[in-house]
Amino acid sequence: MDFKKIIGEFPPAFVVFLVALPLCLGVAVASDATPLAGLVAGIVGGIVVGALSGSSLSVSGPAAGLTAIVSMYIGMLPSYEMFLVAVIIAGILQVVAGYLKAGVIGNYIPNAVIKGMLAAIGLTLIFKQLPHLLGYDKDYEGDESFFQPDGENTITELISSLNYFAPTAVFIGLVSLLILIYFQKSRLKNLKIFQYFPPALIVVLLAVLVNNLVGKYWPQYLLTNDHLVNLPVFERKLDLIFSLPRPDWSAIANLNMWKAAITIACVASIETLLSIEAIDKLDPQKRITPSNRELKAQGVGNLVSGLLGGLPLTSVIVRSSANVMAGAKSKLSTILHGCLLLLSVLLIPEWINLIPLSVLAAILILTGFKLCSPAIIRAYYKKGFLQFTPFVITIVAIFFTDLLVGILIGCCVGLLFVLMSNFKSAVSVTKDGDNYLIRLRGQVSYLNKPLLKAQLEKIPDSASVLIDGTKTDFIDPDVVEIMNDFIMNADLRNVKIYIKRDQGNQKEIFIDFHKRVTE
């Protein structure tokens, strides 16, 4: 392996590591599992899935979108060890789905919905991380849902955080954010040293230094455990290995285990397909991820994670976006981030636990702003009503619900607008005095029937009508019947009808038209 390439991928890997670390811990806590279970899933997602995936930029790990499902089934099953069997079975189901070419589902998600999802994730990141920037760390890292289990929601949580203002956290967060923005705007980012020594590492080291100085000179303002990363610390490294739970295979006879496995496989696969579609849109090189290979890679990842005692995992849009924004070029960044997670747990957990959460919030807020910048919104506004509306509805739906529910709403709206777009383009009517041109294009489906019927009813007596069907691939039988009815009554109204079609490609769709039609 090219050592220079490894060094070049280290900066984005470090940024993703900083983002993934608290998210792994937070998702595990929210799922009613041990923090170690989230870390295992993050490590497996980075190293195993990273190596097997066909995506150059996607990053996998425990996902906030699965927390409610995981928490429910952990409580429903007799033990966590039985839940691990569900994770393993879910992985096997995903591998099977990959071989059955189920990844094609991702191709049917409208682009406006995918772009809306990215912008919504950015907006959610900003609102969810602002409380952490202010020093209010009650809500777990990685939460994406608008309505929270503690009775708060995204907006009220932000308002409540103003009552728990932590001066040191705010200072560290704001200074870190300003430094990161400065690096983005200045020419310093082009200096070679910063290609190997990422700005994120600089602000993290400064944050640790500032908090230690505050503790020395103003101890009353020191950020303590609740405001810092909280990795599990083991006196002996072997204790970590022995503490990993093992699957309880007696769960095979438990119906709830099978329900959990099928649910996790379906939800994790959908979230993965959504994520890789979104990341491919962000990829500067516009590479396309093979979706079926991704399902297989995710399946193997869940299989390994379950065997090692970890949570289920998916491709995660937050980590993947941070990877792209940090300048990753290849999957090596993903694998390195998994290695960094592993090393942090094994070798330096005490050092990692010195990092304030507010500096990590600054990194995530900047990532969120890049995903939902005004320039992106303006660009979609210029695309017109049919593109901008589903884009905005997807953003609103995700922000006020959660990722999966919002995407479902966005997809429904997006497909509706796609149908509307096709509906309008499939049938067009042009008028010049008493002369009418009815042009049929592409797929003239049953959905075009009301529009065509209404347009035909507007044609007055003694008019001339040219029906141009040279650009059609298919006309629904119901539409053909409406045309036939119109043609059969044409003589009674003194309406002259002509049909234009491609003589070199006679289409059967015209043979049902009345004999009296002049071709």
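Only a predicted model underlies this, so the values are computations on that prediction, with no experimental measurement involved. (Residues numbered from 1 in each chain as written. Predicted model: local features only at pLDDT ≥ 70, side-chain atom pairs only at ≥ 80, totals over all residues. Heavy atoms only, no water.)

The next point concerns the packing of aromatic side chains. A full pass over the atoms with the stated rule returns 15 aromatic pairs. Taking 5.9 Å as the distance between ring centres and 55° as the angle between the ring planes, the aromatic pair formed by phenylalanine 146 and phenylalanine 399 counts as tilted. Highlighted residues: phenylalanine 146 in the loop between helix H5 (111-133) and helix H6 (154-161) and phenylalanine 399 in helix H18 (residues 385-400), separated in sequence by 253 residues. Accessibility expressed as a relative area gives 6% for phenylalanine 146, which makes it buried. Centre to centre, the rings of tyrosine 381 and phenylalanine 388 are 5.3 Å apart; their planes meet at 90°, and the pair counts as edge-to-face. The exposed category is assigned to tyrosine 381, whose relative accessible area is 58%. (Phe/Tyr/Trp six-rings, centres within 6.5 Å; stacked < 30°, edge-to-face > 60°. Helix = DSSP H or I, 4+ residues; strand = E, 2+ residues; numbered from the N terminus. Buried < 20%, exposed > 50% of the residue type's maximum accessible area, 1.4 Å probe, protein only.)

Three- or four-residue spacings in an α-helix give side chains the same orientation, since the helix completes a turn every 3.6 residues. When the terminal C-alpha atoms of H5 are compared, their 33 Å separation across 23 residues agrees well with the 33 Å that a helix rising 1.5 Å per residue should span. Counting buried positions along H5 yields 18 of 23 residues, so the element is predominantly enclosed. Following H5 by one or two positions, glycine 135 has its phi on the positive side, about 95°. (Expected span 1.5 Å × (residues − 1).)

This part is about the packing of helix H2 (residues 35-52) against helix H12 (residues 291-307). Packing of H2 against H12 leaves a shortest axis separation of 9 Å and a crossing angle of 140°. As H2 runs across H12, the sense of the crossing is right-handed. Across the interface between the two elements, Val40, Ala41, Val44, Val48, Val49 and Leu52 from H2 touch Arg293, Glu294, Ala297, Gln298, Val300, Gly301, Val304 and Ser305 from H12. Residue composition of the contact of H2 with H12, grouped by class: 9 nonpolar, 3 polar and 2 charged. (Axes fitted to C-alpha atoms, helices over the stretch in contact; angles between N-to-C directions. Left-handed = near helix turned anticlockwise from the far one by under 90°. Contact = heavy atoms within 4.5 Å. Nonpolar A, V, L, I, M, F, W, Y, C, P; charged D, E, K, R; others polar.)

A few words now on the side chain of threonine 314. Here threonine 314 lies in strand E2 (residues 314-315). Among all residues touching threonine 314, those that are not within four sequence positions of it are Val59, Ser60, Gly61, Ala63, Leu66, Ala268, Glu271, Thr272 and Gln298.

Further remarks concern the nonpolar core. Membership of the largest hydrophobic core comes to 108 residues, with the highest contact counts inside it found for Leu18, Phe83, Met117, Val229, Ile355 and Ile363. Core analysis: the second largest hydrophobic core is formed by 23 residues, Val427, Ile438, Val465 and Ile482 among them. (Core = buried A, V, L, I, M, F, W, Y, C linked by side-chain atoms within 4.5 Å.)

Detailed reading of predicted coordinates is not advised where the pLDDT is low. For the protein, the mean per-residue pLDDT works out to 88, and 94% of the residues sit at or above 70. In this model residues 504-519 is a low-confidence stretch, pLDDT under 50, and it forms 31 contacts with partners more than four residues away in sequence or in other chains. (pLDDT = per-residue confidence, 0-100.)

The next thing to look at is the pairing of strand E3 (residues 427-432). Relative to strand E4 (residues 435-444), E3 runs antiparallel, the two sharing 6 bridges. The partner of serine 428 across the bridge, within E4, is arginine 439. (Pairing = 2+ DSSP bridges.)

What follows covers the sheet that holds E4. On the basis of which strands lie adjacent, the open sheet formed by 4 strands has the order E3-E4-E5-E6 and mixed pairing. The open sheet has two free edges, formed respectively by E3 and strand E6 (496-500), since each of these has just one partner strand. Across the sheet, the axes of successive neighbouring strands diverge by a mean angle of 15°, strand direction being ignored. Examined bridge by bridge, E4 and strand E5 (residues 464-475) share 9 bridges and lie parallel to one another. Note on E5: the bridge partner recorded for isoleucine 438 is isoleucine 467. Each of E4, E5 and E6 is contacted by helix H21 (residues 477-488), which is oriented at about 165° to E5, the strand it contacts most.

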